[in-house]
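# Descriptive analysis of the structure
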Amino acid sequence: MGTKFPDYVPPTQIAYRPDGGTTLHLRKCRLAVEVGDGRWAEHVFDQAVVTLGSMDDNDLVLADDTVSRYHCRIYQEDNAYVLEDLASTNGSFIDGVRIKAAYLAPGHAVELGNSRLQFQSFDEEVHITPSEEERFGGIIGANVQMRKIFGILEKIAPTDTTVVIEGETGTGKEVVAQTIHQTSHRAEKPFVVFDCSAVPANLIESELFGHEKGSFTGAITARQGLFEMASGGTIFLDELGELSLELQPKLLRVLETREVRRVGGLRAIKVDVRVIAATNRKLEDEVREGRFREDLYYRLSVVRLFLPPLRDRREDIALLVRHFLRVGRFNRDAQGNPRLNGLGHQVLEALRTYDWPGNVRELLNVVERACSFAETDTIELADLPPHLLDQSHMQRLQQLKPQLLQPEGVDGVEDLGPFKDAKEKWVQSFERDYIRALLERNDFNISHAAREADIDRKYFRKLMKKYGIETPD
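None of the values given here were measured: they were computed from a predicted structure. (Residues numbered from 1 in each chain as written. Predicted model: local features only at pLDDT ≥ 70, side-chain atom pairs only at ≥ 80, totals over all residues. Heavy atoms only, no water.)

## A closer look at the overall build of the protein chain
For the protein chain, the count of helices and strands is 14 helices and 26 strands. Evaluated residue by residue, the protein chain yields a buried proportion of 48% over its 473 residues. A total accessible area of about 24300 Å² is found for the protein chain, and carbon and sulfur atoms account for 48% of it. (Helix = DSSP H or I, 4+ residues; strand = E, 2+ residues; numbered from the N terminus. Buried < 20%, exposed > 50% of the residue type's maximum accessible area, 1.4 Å probe, protein only. Areas by Shrake-Rupley, 256 points an atom, 1.4 Å probe, with all protein chains shown as cover.)

## Details of helix 8 (residues 317-327)
Of all eleven residues in helix 8, eight are buried, a share of seventy percent or more. The elements touched by buried residues of helix 8 are strand 14 (135-136), strand 15 (139-140), strand 25 (342-343), helix 9 (345-353), helix 10 (359-373) and strand 26 (378-379). (Contact = heavy atoms within 4.5 Å.)

## So, the sheet that holds strand 11 (residues 101-104)
Reading across the sheet, the five strands line up as 6-5-7-8-11 and stay open at both edges, with mixed pairing between neighbours. The sheet terminates laterally at strand 6 (60-61) and strand 11, the two strands that pair on one side only. Relative to strand 6, strand 5 (residues 49-53) runs parallel, the two being bridged by two bridges. Bridge pairing in strand 6 places Gly53 opposite Val61. (Pairing = 2+ DSSP bridges.)

## So, the pattern of salt bridges
In the structure shown here, the tally under the stated rule is 22 salt bridges. A salt bridge links Asp295 to Arg293; the shortest N-O distance between them is 2.7 Å. Exposure remark for Asp295: the relative accessible area of 35% places this residue in the partly exposed category. (Salt bridge = Lys/Arg side-chain N within 4 Å of Asp/Glu carboxyl O.)

## Quick notes on the packing of aromatic side chains
Scanning the entire structure with this criterion turns up six aromatic pairs. Where Tyr81 meets Phe119, the ring centres are 5.5 Å apart and the plane angle is 65°; that geometry is what we call edge-to-face. Taken as a pair, Tyr81 in strand 8 (residues 80-85) and Phe119 in strand 13 (residues 115-128) lie far apart in primary sequence, 38 residues in all. A relative accessible area of 1% places Phe119 in the buried class. Ring centres of Phe136 and Phe150 lie 6.3 Å apart, and the angle between their planes is 25°; on these two criteria the pair is classed as stacked. Of this pair, Phe136 sits in strand 14 while Phe150 sits in helix 1 (residues 144-156); the two residues are 14 residues apart in sequence, bridging distant segments of the chain. (Phe/Tyr/Trp six-rings, centres within 6.5 Å; stacked < 30°, edge-to-face > 60°.)

## Considering the packing of helix 13 (residues 446-453) against helix 14 (residues 457-466)
Look at helix 13 against helix 14: their axes get within 9 Å of each other, and the N-to-C directions meet at 105°. Taken together, helix 13 and helix 14 sit at an angle that is classed as roughly perpendicular. Residues Ile446, Ser447, Ala449, Ala450 and Ala453 of helix 13 form the contact with helix 14, whose own contacting residues are Arg457, Phe460, Arg461 and Met464. Taken together, the residues of the contact of helix 13 with helix 14 sort by class into six nonpolar, one polar and two charged. (Axes fitted to C-alpha atoms, helices over the stretch in contact; angles between N-to-C directions. Parallel < 35°, antiparallel > 145°, perpendicular 65-115°, else oblique. Nonpolar A, V, L, I, M, F, W, Y, C, P; charged D, E, K, R; others polar.)

## So, the sheet that holds strand 17 (residues 191-195)
The parallel open sheet is built from five strands, whose spatial order is 17-20-23-16-24. Strands at the two margins of the open sheet, each flanked by one partner only, are strand 17 and strand 24 (303-306). Within this sheet the neighbouring strands show an average axis-to-axis angle of 20°, counted without direction. The sheet contact formed by strand 17 and strand 20 (residues 234-238) spans five bridges and is parallel. When the bridges of strand 20 are listed, Phe191 appears paired with Thr234.

## Some details on the environment of Ala278
Tracing the backbone through its elements, the reader meets Ala278 in strand 23 (residues 274-279). Ignoring any residue separated from it by four or fewer positions in sequence, one finds Ala278 in contact with Ile165, Lys173, Phe236, Leu237, Asp238, Glu239 and Leu240.

## Focus on unusual backbone geometry
For residues that are not glycine, phi is negative in most cases, and the peptide bond is trans in most cases. Residues other than glycine seldom take positive phi values, yet Asp37 does so here, at roughly 55°. If you trace the backbone, Asp37 turns up in the loop between strand 3 (22-36) and strand 4 (39-45). Residue Asp37 is classed as exposed on the basis of its relative accessible area of 76%. The phi dihedral of Asn359 is positive, around 60°, even though this residue is not glycine. In this fold, Asn359 is placed in helix 10. Take Asn359: its relative accessible area is 0%, and that puts it in the buried class.

## Brief notes about the packing of helix 8 against helix 10
Interaxial distance between helix 8 and helix 10 falls to 10 Å at its minimum, and their mutual angle equals 50°. Classified by the angle between their axes, helix 8 and helix 10 sit oblique to one another. At the point where helix 8 passes helix 10, the crossing takes the right-handed sense. Contacts between helix 8 and helix 10 involve Ile317, Leu320, Val321, Phe324 and Leu325 on the former and, on the latter, Val360, Leu363, Leu364, Val367 and Cys371. Classifying every residue of the contact of helix 8 with helix 10 by side-chain character gives ten nonpolar, no polar and no charged. (Left-handed = near helix turned anticlockwise from the far one by under 90°.)

## A closer look at the nonpolar core
Counting 30 residues, the largest nonpolar core has Phe227 and Leu237 as its most contacted members. Residue assignment for this core shows that the elements contributing at least two residues are strand 17, helix 3 (201-209), helix 4 (226-229), strand 20, helix 5 (248-257), strand 23 and helix 7 (294-300). Take this core: its biggest share by element is four residues, from helix 5. Counting residues in hydrophobic clusters, the runner-up holds 27 residues, among them Leu310, Ile317, Ala318 and Leu320. (Core = buried A, V, L, I, M, F, W, Y, C linked by side-chain atoms within 4.5 Å.)

## Some points on the environment of Asp454
Tracing the chain through its elements places Asp454 in the loop between helix 13 and helix 14. Under the relative-accessibility criterion, Asp454 is labelled partly exposed at 32%. With sequence-adjacent residues up to four places away left out, Asp454 is seen in contact with Ala318, Arg322, Leu348 and Arg352.

## Looking at the pairing of strand 16 (residues 163-166)
Burial along strand 16 is two-sided: the residues Val163 and Ile165 and Val164 and Glu166 are all buried. As paired elements, strand 16 and strand 23 share four bridges and run parallel to each other. Considered in strand 23, the bridge of Val163 is made with Ile276. Sheet topology places strand 16 next to strand 24; four bridges connect them, and they run parallel. Considered in strand 24, the bridge of Val163 is made with Val303.

The following block contains the structure:
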């Protein structure tokens, strides 16, 4: 990690390097306030807007009678910081010059009333390495791309950085947003969700920003909007790409000023919110087609996360299923104990060969359905929905699944004997053929075969010994 002091500071962003690595650039500013006797108190901020004044709800509170209640603000604009005076009584000065709005450069001296400050901006560069953990908050994954995302979230979650989460429907964008909120300093404050595709276009402005009494037909009382309700916490704007062009400038203004104006209202209301947005559309394409404003796109795209589809992280399916069975209320009996404890190897292979157009959400639905149909404590093939086992998927499954041989000493049904004995013979036959087939498929590499079977290597060897299966010399 290194800290640099360039003439301009690039916005907080993720850079994907040609070598496959990931670098996170965190844009920050430092304000040093003179407190007397040559001493300075330093304050570091990473948010897009920093307010300064004597009132307690400012980001930097100055206990100075000559400083106005809301004296000025410092905000990010492209690759620079701007100081804007907010009609203060005694004015804002940069290097002795009174300004209304001016760019700040590293090292500038700022005077607000009798208070003296020094401004510094810097780019904190963090090289992201994949996390060694298989989960971060509520997010589950051993896939390397998921573990890279965990590494990014560890750095940006504690900040107030705006985040856009992109990915196909069902990849878990809301879970990521919740995790960012829960691992931030805003965790005790509200987490408010707004689905831009679920509300009629003519009501979205009122929902987001609120309205005053009588502002439109049916507005019989004044009402807070979701930005006000989320103040102090996080607002999650789902399906952002569905937001109409007419409303996009109003959202942009809120992001820039951290103020909302209710429908029919004249007063600007300050809000302290972190904004996280999600979309299953490619916003660059939306900008190119004229359906999404370019300035809003750049304001939102401080940090962009791309969630991989489930078909690109098939190794996570077993982890996810075990997690769903462990926490799902659908897998509890009347006493609250788990009903199902696992799934058969054939089931796991069937799940891994399916392409999951609905991603993690579809997998959860399949597991919940299987729990309803299961007659034992394990999910079996018969418990899966038919579309997972259509002819094409069954053909792919057969590439791994061995053809079960008739148990030794059994010539026909009449020789099977009691149910318990017959079942044991067939299970042994399956285990013997399954282990042999996996070894042949993996060139008799026991570690690879055990990993593909999703069982412990020692247990795999135990099964080999049980059935007298040996690897060639």
